[in-house]
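Chain by chain, the residues run as shown.
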Amino acid sequence: MTTAPQAADAAEVTEIDTSARWPLLLLLGSALLWLVLSGILALANLVQLHTPEFMAGCSALTYGRLSAIQETAFIYGWAANSGLAVALWLLARLGGAPLRSLNWVVAGTLFWNFALILGIAGIATGDMTSNAWLHLPAYVLPMLLVAYGTIAVPGVLAWTGRRKEMTFAAQWYAVAALFLFPWLFSIAQMMLVFAPERGVLQALVAGWFVQGAWTLWLAPLALAAAYYLVPKITGRIIPSYDFAQLSFWTLLFVGAWTGGRHLIGGPVPAWVATIAVVSCALLLFHYIVVAVNLRGAFCSGGSTVLKFVAFGLAAYVAGGFLDAYTAMRGVAVHTQFTHFSEGQAQLALNGAFSMLMYGAIYFLVPRITGLAWPSVPLIRAHYAAALTGTIVLVVTLIGAGCVQGHDLNTAAIPFADIAGHVRPWLLAATAGQAILLLGNLLLATHLFWLAAAKSVAPAVFNPAPTMEASVS
Amino acid sequence: MKNGFTFFLGLFLAVALAWTGIVMGSHVQLGHLAPYFDENEGKAFPERMPGIAAQGQLVYQDLGCAACHTQQVRRPDFGSDKARGWGDRQSVARDYVSQAHVQLGESRVGPDLATFGARPLAVDATRLTQYLYEPHGGMPAYRFLFEERKITGERSADALKAAAPAGYEIIPTHRAVSLVAYLQSLNNVYEYPEARPVEPAATKEGESK
């Protein structure tokens, strides 16, 4: 039987949680609005892929622009806002003191989202740059950087002012993500937008940035949530915890080197791709340790939060192995430039990152608001939709990629025929994306329902039933 | 991990090493790359892009054409790029030295365009302009790059042979003209010394015997 998240145990909720209520709700609310928007755009984008004339007359929504807007809304809208909220909350809890300087979070969030809206309007009206994960026009980039810095301030204060000298794996990942992103982001801005490198060096910097943004920012944010939630909910210590530190440093030191795998066979020095292939294999150590450390998530014992976390972890580890497999030149020759790569990206973003964030959101919102989620069936429906949608989307995109890769490499098949062969797969992927969007709409509605309920009735702590098994 | 200083040093090194290795390493190797001067032809390759083509590159970029088209040919024994007629040799770094916005692309929903300018469709600007106006297989029509204008006096020489309401004609905008010029300028076919196709090892052995 499923134990759904209920009102948090009053004893467990302290000022650490409640004092950060509004700033964190602001971050999460914006995150979910961006998630829904990016879901709608992803759906339209997939429709364009199998029915190219869809919205073709609208210059703001060509396939290329829509794809860039969708990616931007997902990464900088959903992932950044939700990841920051979760990281701040974790650092406060593990630091043992309420977050300080929360006004900075509110101001930063408002500026961040304002800059993002401006940037997306810029992409739609023709100011897009051609760099993956950095399509935003030059004029909003400095504002985003400053806004990120201000949101991260309380997190840094929580880390430096922590009550206990000892630190936990969740803290390492959260602090690494908070610190490393502004750095990556500012270097990428300089070398790609403000003072661009020459020739193919642009592609190399972009490859380094995209991989860095995943392995040094989004993945650590998601892992911070996982490393906090699993021991907290199962009430058991992390097995083989000694390896966690080594695994953390492996991700940080090796991860960013794997970006060159997308440039295999391209007009770049061959050693870049070779190092990426070797790094992908080395990184498997990290994935194995994560799986071993957090295997407790797979014995969820009825916890809904852990079900989300378990799926996210499975997707994360599977994604790591898939990266290593497709980095091999013999495989890359078939999967490169196809929907297969998109399937891998969706496995990482929707499968691993989003699922871990959903888990964290279901866990933390009742604690910061002191209110139970209004509807248990809604949470179950979201889980079912997120699970089905992600699996269908990823499997069909990978299937489409296999067909496309085979056809592209068989010169006897006319290029014009390939779209027809891939179409059934893309239709199924569209269905997967629609299910995923439905699930995300449920989550967004649920959060706003909870927040609205709060404004009507003041927070009432309901000691029973306890939300999850917890050991503080 | 009790020592905060060591922790931050680790974070610093994590970014710095990857950046130094990948970005600076490639920079040292390719940063000085210059166009290749061919004494027989008396000019340097790759040739500079004409101004209108450079404007077209911005149109290509802001419409997001790179979401469906790559501009990188893989070597003949790696994939079927050569067999598909996308280029006889692999693309090399020198092909891109004079481009302000390199758009290698990551997806081949549409064909590769690195040598597009050499293909029959691109040779005739009128035909290529017409191509952008009409949908073709997987590629939609880009009608917003054209305007419907009332015919005053004679028909414009630039008008497309497309169905327009009586008394009107379809004229490509400056954006369409520059995009066409850019697509025509994509012509990475000059054989640099470093770009000669690598023969498969088996053939070489056979030749030596």
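See the structure above.
Structure report, in brief. Values in this document were obtained by computation on a predicted structure and should not be read as measured data.

1. Thoughts on the overall build of chain A
Helix and strand counts for chain A stand at 14 helices and zero strands. Going residue by residue from the N terminus, the α and β elements of chain A occur as α-α-α-α-α-α-α-α-α-α-α-α-α-α. Its C-alpha radius of gyration of 22 Å places chain A within 12% of the 23 Å reference for a compact globule of 472 residues. Counting every position in chain A, which comprises 472 residues, the buried fraction comes to 59%. If you take every contact in chain A between residues at least 6 apart in sequence, the share linking residues at least 24 apart comes to 85%.

2. Comments concerning the interface of chain A and chain B
With 62 residues of chain A in contact, the opposing surface of chain B contributes 59 residues. At the level of elements, helix H3 (63-95), helix H6 (169-194), helix H7 (201-234), helix H8 (242-255) and helix H14 (415-456) of chain A are the ones that each hand at least two residues to the side of chain A that touches chain B. Its residues assigned to classes, the side of chain A that touches chain B comprises 38 nonpolar, 19 polar and five charged.

3. Some words on the nonpolar core
Note that soluble globular proteins tend to have their nonpolar side chains buried in a common cluster. Membership of the largest hydrophobic core comes to 215 residues, with the highest contact counts inside it found for A:Ala222 and A:Ala224. Beyond its immediate stretch of four places on either side in the chain, A:Ala224 contacts A:Ala87, A:Leu90, A:Ala170, A:Tyr173, A:Ala174 and A:Ala177.

4. Some remarks on unusual backbone geometry
Put simply, B:Phe45 and B:Pro46 share a cis peptide bond, and its omega is -5°. You can see B:Pro46 is positioned in the loop between strand S2 (43-45) and helix H2 (51-62). For A:Ser101, which is not glycine, the phi torsion reads 55° and is therefore positive. A residue is classified by how many C-beta atoms lie within 10 Å of it, and A:Ser101, with 14 of them, is partly exposed. Look at A:Ser240: it is not a glycine, yet its phi comes out positive at around 50°. We classify A:Ser240 as exposed; it has 11 C-beta atoms within 10 Å.

Calculation rules
Residues numbered from 1 in each chain as written. Chains lettered and ligands numbered in written order. Predicted model: local features only at pLDDT ≥ 70, side-chain atom pairs only at ≥ 80, totals over all residues. Helix = DSSP H or I, 4+ residues; strand = E, 2+ residues; numbered from the N terminus. Rg over C-alpha atoms; globule rule 2.2 N^0.38 Å. Buried ≥ 20, exposed ≤ 12 C-beta atoms within 10 Å, placed from the backbone. Contact = placed C-beta atoms within 7 Å. Nonpolar A, V, L, I, M, F, W, Y, C, P; charged D, E, K, R; others polar. Core = buried A, V, L, I, M, F, W, Y, C linked by C-beta atoms within 7 Å.

Remember, this is a structural readout, not a statement about activity or role.
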